[in-house]
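The chain contents come next:
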Amino acid sequence: MFHDYASGRRMMGIFFLSLLVCGCAGGAVTESGRHPDPAAMIRLALRETDRIVATARMDLSTVQGHYPLRVALVLQRPSYLRLEMLPVIGTPDFFLSATPREMRIWIPSQGEFYVGQPSAENLSRFLPWALNLEDLVMILSGSFPPLRGAGLSYGHSVEDGVLRVNMKTVSGPSQTIWMEKSGRLTRLVRYGSDGKEIYGVRYEDYAPGLSLARKILVHWADNTLSAFVEYSDVHMEEAADLSVFTLPAPDGAKIIRLD
C-alpha cells in the first residue's frame, strides 16, 4: 500500500513509464544473419551511458484515476536517479534521490525526510509500482532491466526486420525485447516465473543522434497501472561526480527510517 502522501493527487501522479503492450508483430520469422550478433547488441543496449538530464510530461492511469504531472529527472545507469516534481503553481513538494545503496525522499509540506534502501518495496511506498531502482532507471533511460537468475539463455529471430531476443532463466522470470539494427529498443515484455506477463514497455520517437526514446509507454498486464512518459529538453552529459544523487536532509526535517 502506498504511503498516505502517495494516495494524494500529487503522489499518484508520481511517475513512470510506460507501455501499452501490443500483440506480437506480424510477419514471418527468419534467421538473423543480417543483424549484428545479438549478444553484442544486448551489451550495447545495457551499456552505461552519459548522464541524462531532462524534463518530462507524465500521464499516469491507476484504478484510482488519471494523474498528469511534470517532473525533472537526472538519470545515470545502472541505478542512479534524481526526481523532482514540477507543480503548475508554487514550489516543488516532492524530491527523490537514489543510489545503489540508499534512497532519500523529502516532502517539504509535511517536513518529512525518508531514508532507506532502494528496494522495490520501499519505492512502492511512494510510487505506484513495484520496481526496484535498477529496473526503473534502465527502462527510463531507454534500455531494459537485466534478467537475474541461474541458467540465463538467449534465443533470437527476426520479425519484419526487427531483431527479437528471448531471454529465459531456468526457473525465474523471462523477458522478450525487440530492437532495431542500430540497437535502439522498440519494445519489451517481462514475464514472471509462472510464464504470465507482468508488464510491457514501448519505446518511441527517437530523435536523430539521440539514443533515448522521447516517448516511453508502460502497461501492467493486470490493468492496475499504465503510464506515458514524454521527454523534453533532454541533455546527455559526461559526469563522474555522483553527489547530485544524494539529497541532503534540510535543517529541522523529521528523519524517518524505512528499514
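Participant: Could you clarify how one ought to interpret the overall build of the protein chain in this entry?
Facilitator: When helices and strands are tallied, the protein chain shows four helices and 15 strands. Within the protein chain, the proportion of its 259 residues that are buried is 50%.

Participant: Quick question: what am I supposed to make of the pattern of salt bridges here?
Facilitator: Pairing is possible between side chains of opposite charge, provided their charged atoms come close. Under the defined criterion, the tally for this structure stands at five salt bridges. For the salt bridge of Arg104 with Glu102, the shortest nitrogen-to-oxygen distance reads 2.8 Å. Residue Glu102 is classed as partly exposed on the basis of its relative accessible area of 26%. Salt bridges linked by common partners bring Arg57, Asp59 and Glu230 together as one network.

Participant: How should the pairing of strand 11 (residues 185-191) be read in this particular structure?
Facilitator: Working note: regular strand, side chains alternate between the two faces of the sheet. Within strand 11, six of the seven residues are buried, which leaves it mostly tucked inside the rest of the structure. Two elements, strand 10 (residues 174-179) and strand 11, share six bridges in a ladder whose sense is antiparallel. Looking across to strand 11, one finds that Met179 is bridged to Leu185. A loop of five residues connects strand 10 with strand 11, the two strands running antiparallel in sequence, and Gly183 in this loop sits at a positive phi of about 95°. Connecting strand 11 to the antiparallel partner strand 12 (residues 197-206) that follows it, the hairpin turn spans five residues, and Gly195 within it adopts a positive phi of roughly 85°.

Participant: Please clarify how the confidence of the model for the protein chain should be interpreted in this entry.
Facilitator: Close inspection of predicted coordinates is inappropriate in any region flagged by low pLDDT. Across the protein chain, pLDDT averages 81, with 81% of residues at or above 70. In the predicted structure, residues 1-33 sits below a pLDDT of 50 and forms 126 contacts with residues beyond four places in sequence or in another chain.

Participant: Would you explain unusual backbone geometry in this entry?
Facilitator: A cis geometry characterises the amide bond from Arg77 onward to Pro78, with omega recorded as 5°. Secondary-structure assignment places Pro78 in the loop between strand 3 (65-76) and strand 4 (80-85). Positive phi outside glycine occurs at Asp205, with the angle close to 65°. A residue is classified by how much of its surface remains accessible, and Asp205, at 33% relative accessible area, is partly exposed. Residues other than glycine seldom take positive phi values, yet Asn223 does so here, at roughly 65°. Relative to the assigned elements, Asn223 resides in the loop between strand 13 (213-220) and strand 14 (225-237).

Participant: Got a minute to help me understand the packing of aromatic side chains in this structure?
Facilitator: Aromatic ring pairs are described here by two measures, namely the spacing of the ring centres and the angle between the planes. As enumerated under the stated definition, the model contains four aromatic pairs in all. Aromatic side chains Tyr114 and Phe126 sit 4.8 Å apart centroid to centroid with 70° between the ring planes, which places their arrangement in the edge-to-face category. One end of the pair, Tyr114, is in strand 7 (residues 112-116); the other, Phe126, is in the loop between helix 3 (120-123) and helix 4 (133-140), and twelve residues separate them in sequence. Phe126 matches Tyr114 in its accessibility class, with the two residues each being buried. Between the NZ or CZ atom of Arg187 and the centre of the ring of Trp178, over which it lies, the distance is 4.1 Å.

Participant: Honestly, the nonpolar core in this entry has me stumped. Any pointers?
Facilitator: Most often, soluble globular proteins have nonpolar side chains that are buried together. Grouped together as the largest cluster of nonpolar side chains are 55 residues, with contacts concentrated most on Leu96, Tyr203 and Tyr231. Setting aside residues up to four positions removed in sequence, Leu96 forms contacts with Leu81, Arg82, Leu83, Met103, Arg104, Ile105 and Leu123. The next biggest cluster of nonpolar side chains, apart from the first, holds six residues, and it includes Phe95, Phe113, Leu247 and Ala253.

About the criteria used
Residues numbered from 1 in each chain as written. Predicted model: local features only at pLDDT ≥ 70, side-chain atom pairs only at ≥ 80, totals over all residues. Heavy atoms only, no water. Helix = DSSP H or I, 4+ residues; strand = E, 2+ residues; numbered from the N terminus. Buried < 20%, exposed > 50% of the residue type's maximum accessible area, 1.4 Å probe, protein only. Salt bridge = Lys/Arg side-chain N within 4 Å of Asp/Glu carboxyl O. Pairing = 2+ DSSP bridges. pLDDT = per-residue confidence, 0-100. Contact = heavy atoms within 4.5 Å. Phe/Tyr/Trp six-rings, centres within 6.5 Å; stacked < 30°, edge-to-face > 60°. Lys NZ or Arg CZ within 6 Å of the ring centre and 35° of its normal. Core = buried A, V, L, I, M, F, W, Y, C linked by side-chain atoms within 4.5 Å.

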